[in-house]
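Here is what each chain is made of, one letter per residue.
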Amino acid sequence: MSVRTRFAPSPTGYLHVGGARTALFSYLFARKHGGQFILRIEDTDLERSTAESVNAILEGMAWLGLEYDEGPFFQTHHFDRYQAVIDELLDKGLAYRCNCSKERLDRLRDRQMAAKVKPRYDGHCRGQKIDADEPHVVRFSNPIDGYVVVDDMIRGRVAFNNNELDDLIIRRTDGSPTYNLTVVVDDADMCITDVIRGDDHLGNAARQINILKAWGKEPPRYAHVPMILGNDGTRLSKRHGAVSVIAYRDQGYLPEALLNYLVRLGWSHGDAEIFSLDEMIQLFDINTVNKSPAAFNYDKLDWLNQHYIQHADPLRIARLLSPHLGQLEIDPTTGPDLVDVVTAQAARAKTLKELASISAFCYRDFDYYDADAAKQHLRPVAREPLIRLRTAFELMALDDWQPESLHHVITRIADELGLKMGKVAQPLRVAIVGRAASPGIDITLQLVGKDATLRRIDNALNWIATQHDNVNE
RNA sequence: GCUCCCUUCGUCUAGCGGUUAGGACGCUGGCCUCUCACGCCGGUAACAGGGGUUCGAAUCCCCUAGGGAGCGCCA
């Protein structure tokens, strides 16, 4: 039977990084084994499920490039099927009706807690004849002795004593089916061979195996992956920063960087750090995923993102960068070709957002000088070189406004003044960029263009004048 | 409280009875250099603790400690 995996999120929020990782693992496993990857939306909680969440999940999957072969399927479309299975279990005596009151259940629970035993349903209604017309829930008759073994691809063999598991509700009073039932039915109906999910479901695997066996179905293989922790070692949550994958996109992360980061959380292949999606498919092995939870580390994600920004096709980065410039109210058509900007700046930014920020000077005059840079480089001694540069630049033909000739002009003036390159280039850089950091000065000048260069040199000279005229320096 | 799971540098990890405990991020020293960044070279830093088993234990067993998950008419 060919491999079939699924990602089954509940649409009660965005796609978070933990979910994205289990989706990635499921995707890789299916692709590696020539199988199918299925997306199933578990929307049986009518109260909390929203269409917005469904869209957010779909958007996240699409952005990451985790293409599914089937779906999205919605569990709310399968209610008839669930009811039929519940009725079947009822008919075969594998499930029973229960009309225990909330009060009785609460009392039972309190008594069990007081007696220091695990709270669980006591099977009170087993074997009782409860009329289908009176309010009731349906419970699965869990085996009362023996044990269930979850033969997990990550955790190994984990045994649960059946007396730890109780008779779980599979149909609510309102007639709706519950999670463990719907999962079991869909996994069986969709011929899912391998269930890869968060390890908070390990206990559910035991329950689901029991239902599956009672129903006469072969349980799938399981792999329960450890959760992702925040940088402080506690469960990853909103207070740790972005948890929604779309938030990563909006902050300027590349999907391949996030994916690469996520696959290395709990898994490794020798000393390799960089994996393309194809390499992941080829090398990923669910059996070698670590059992222990991993902490999310933004520094490493940043490093990977910078790596990918630097090595990706500049044309693609340019397209992805455009909206980030838009965020800064910059229209990229008003300045140099974005591809040239990307080529010059790619190694200098950890995110597209940062790339946009450090490239804004190519498109518009900055509002103020970096204080330290101006203090160090825009001093009266810079007047002479700046004036000479301005004069030389003004004489240049537009066709000559190229890195090579610009470089010659700067070195010539440095020579004439008997100054080191840095004494000329740095004041110029601060004058036209506003900061002491930018690509090579010749490239920087080319990107900024002749008009803006002359204008900003004038501005810088004025600035020096206003700062220092009153001071006898 | 009960059940289950986890524990190697700050972080992600390699290791699967004999290693100077390796790599990566971060931090840091240097080189390159017109700045920043990239790149390159070097450094810092770990087997949670205690018992066993063994000639020998990060590796196997037990206990303790710490952490996590589950115990819903949520998924």
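Residues numbered from 1 in each chain as written. Chains lettered and ligands numbered in written order. Predicted model: local features only at pLDDT ≥ 70, side-chain atom pairs only at ≥ 80, totals over all residues. Heavy atoms only, no water.

### As for the domain arrangement of chain A
Link 1 in the chain: The domains assigned to chain A are domain 1 (4-228), domain 2 (313-364) and domain 3 (366-473).
Link 2 in the chain: The centre of domain 1, based on its C-alpha atoms, is set 47 Å off from the matching centre of domain 2. (Domains from an automatic or database assignment.)

### Overview of the pattern of salt bridges
Link 1 in the chain: This structure, assessed with the given rule, holds 30 salt bridges.
Link 2 in the chain: Taking the shortest distance from any N to any O, the salt bridge between arginine 81 and aspartate 189 comes out at 2.7 Å. Taken as a pair, arginine 81 in helix H3 (residues 79-91) and aspartate 189 in helix H5 (residues 179-189) lie far apart in primary sequence, 108 residues in all.
Link 3 in the chain: Close ionic contact of arginine 388 with glutamate 416 constitutes a salt bridge, the shortest N to O distance being 3.1 Å. Of this pair, arginine 388 sits in helix H15 (residues 383-395) while glutamate 416 sits in helix H16 (residues 403-417), placing them 28 residues apart in sequence.
Link 4 in the chain: Within the structure, one salt-bridge network assembled from shared partners comprises Arg6, Arg40, Glu42, Asp186 and Asp187. (Salt bridge = Lys/Arg side-chain N within 4 Å of Asp/Glu carboxyl O. Helix = DSSP H or I, 4+ residues; strand = E, 2+ residues; numbered from the N terminus.)

### Overview of the protein's contact with RNA strand B
Link 1 in the chain: With respect to spatial proximity, 57 residues lie near RNA strand B, and among them Arg155, Arg172, Thr173, Gly266 and Ala347 are the closest.
Link 2 in the chain: The separation between a sugar or linking oxygen of RNA strand B and a polar main-chain atom of lysine 116 is 3.1 Å. (Near = heavy atom within 4 Å. Polar contact = N/O pair within 3.5 Å; in protein donor to acceptor, adjacent residues only side chain to side chain.)

### Focus on the side chain of arginine 171
Link 1 in the chain: Within the secondary structure, arginine 171 sits in strand E8 (residues 169-171).
Link 2 in the chain: When its relative accessible area of 12% is taken as the criterion, arginine 171 is described as buried.
Link 3 in the chain: Looking at arginine 171, its side chain comes within polar contact range of the side chain of glutamine 83, at 2.6 Å.
Link 4 in the chain: When sequence neighbours within four positions are dropped, the list of residues in contact with arginine 171 reads Gln83, Ile86, Asp87, Leu90, Val137, Val138, Ser176 and Pro177. (Buried < 20%, exposed > 50% of the residue type's maximum accessible area, 1.4 Å probe, protein only. Contact = heavy atoms within 4.5 Å.)

### Some details on the side chain of threonine 22
Link 1 in the chain: Take threonine 22: it is sitting in helix H1 (residues 17-32).
Link 2 in the chain: Excluding residues that lie within four positions of it along the chain, threonine 22 makes contacts with Phe7, Ile196, Arg197, Gly198 and Val225.

### Looking at the sheet that holds E8
Strand pairing in a sheet takes place through backbone hydrogen bonds and is either antiparallel or parallel in direction.
Link 1 in the chain: Strand order in the open sheet formed by three strands is E4-E5-E8, with antiparallel pairing between adjacent strands. Strands at the two margins of the open sheet, each flanked by one partner only, are strand E4 (95-98) and E8. Each strand axis lies, on average, 45° off the axis of its neighbour in the sheet, ignoring direction.
Link 2 in the chain: Judged from the two bridges that link them, strand E5 (residues 137-140) and E8 form a sheet pairing that is antiparallel. What sits directly across from arginine 139, in E8, is isoleucine 169. (Pairing = 2+ DSSP bridges. Axes fitted to C-alpha atoms, helices over the stretch in contact; angles between N-to-C directions.)

### Details of H5
It helps to recall that an α-helix has 3.6 residues per turn; residues three or four apart then point in one direction.
Link 1 in the chain: Extensive coverage of H5 is indicated by the burial of eight of its 11 residues.
Link 2 in the chain: Every buried residue belonging to H5 is among Asn180, Leu181, Thr182, Val183, Val184, Val185, Asp186 and Asp187, and all of these are buried.
Link 3 in the chain: Next to the buried residues of H5 lie strand E1 (4-7), strand E2 (36-41), H3, E8, strand E9 (194-198) and helix H6 (202-215).
Link 4 in the chain: At the C-terminal side of H5, cysteine 191 shows a positive phi close to 55°.

### What to know about the packing of aromatic side chains
Link 1 in the chain: One pass over the structure, following the stated rule, counts 12 aromatic pairs.
Link 2 in the chain: Look at tyrosine 248 and phenylalanine 296: their rings are 6.0 Å apart centre to centre, the planes differ by 45°, and that puts the pair in the tilted class. Of the two residues, tyrosine 248 is situated in helix H7 (residues 245-250) and phenylalanine 296 in the loop between strand E12 (294-295) and helix H10 (298-311); the sequence distance between them amounts to 48 residues.
Link 3 in the chain: Look at phenylalanine 296 and tyrosine 298: their rings are 5.0 Å apart centre to centre, the planes differ by 55°, and that puts the pair in the tilted class.
Link 4 in the chain: Assessed through its relative accessible area of 1%, phenylalanine 296 is described here as buried.
Link 5 in the chain: Here the aromatic cluster, defined as three or more aromatic residues joined through ring pairs, consists of Tyr248, Tyr253, Tyr261, Phe296 and Tyr298.
Link 6 in the chain: Positioned above the aromatic ring of tyrosine 121, the side-chain terminus of arginine 139 is 3.5 Å from the ring centre. (Phe/Tyr/Trp six-rings, centres within 6.5 Å; stacked < 30°, edge-to-face > 60°. Lys NZ or Arg CZ within 6 Å of the ring centre and 35° of its normal.)

### As for the environment of isoleucine 57
Link 1 in the chain: Its place among the elements puts isoleucine 57 in helix H2 (residues 51-64).
Link 2 in the chain: Between the alpha carbons of isoleucine 57 and glycine 440 there is a distance of 42 Å; along the sequence they are 383 residues apart.
Link 3 in the chain: When sequence neighbours within four positions are dropped, the list of residues in contact with isoleucine 57 reads Pro9, Ser10, Pro11, Gly13, Tyr14 and Leu15.

### Considerations on the pairing of strand E10 (residues 221-225)
Link 1 in the chain: Within E10, four of the five residues are buried, leaving the element largely enclosed by the surrounding structure.
Link 2 in the chain: Inspection of the sheet shows E9 paired to E10 by five bridges, in the parallel sense. Of the residues in E10, the one forming a bridge with glycine 198 is valine 225.
Link 3 in the chain: Assessed by its sense of winding, the connection that carries the chain from E9 through H6 to E10 is right-handed. (Right-handed = clockwise from strand over helix to strand, strands pointing away.)

### Side note on the nonpolar core
Link 1 in the chain: Among the nonpolar cores identified, the biggest contains 108 residues, and Leu262, Ile286, Phe296, Leu386, Phe393 and Leu428 are the most heavily contacted of them.
Link 2 in the chain: The element best represented in this core is H1, accounting for nine residues.
Link 3 in the chain: In this structure, isoleucine 286 is in contact with Phe25, Phe29, Met153, Ile154, Ile196 and Ala223, ignoring residues within four places of it in sequence.
Link 4 in the chain: Grouped together as the second largest cluster of nonpolar side chains are 29 residues, Ile86, Val158, Ile209 and Leu212 included. (Core = buried A, V, L, I, M, F, W, Y, C linked by side-chain atoms within 4.5 Å.)

### A look at the packing of helix H11 (residues 314-327) against helix H13 (residues 352-359)
Link 1 in the chain: Two numbers describe how H11 lies on H13: the axes approach to 9 Å, and their chain directions differ by 70°. Here H11 is positioned roughly perpendicular relative to H13, judged by the angle of their axes. Judged by residue contacts, Ile317, Leu320, Leu321, His324 and Leu325 of H11 engage Leu352, Lys353, Leu355 and Ala356 from H13. (Parallel < 35°, antiparallel > 145°, perpendicular 65-115°, else oblique.)

### Regarding the environment of methionine 61
Link 1 in the chain: Checked against the element boundaries, methionine 61 lands in helix H2.
Link 2 in the chain: The sequence separation of methionine 61 and histidine 16 amounts to 45 residues, and the corresponding C-alpha distance is 11 Å.
Link 3 in the chain: Not counting residues up to four positions away in its chain, the partners in contact with methionine 61 are Phe7, Leu15, Ala23, Phe37, Leu39, Leu66 and Tyr68.

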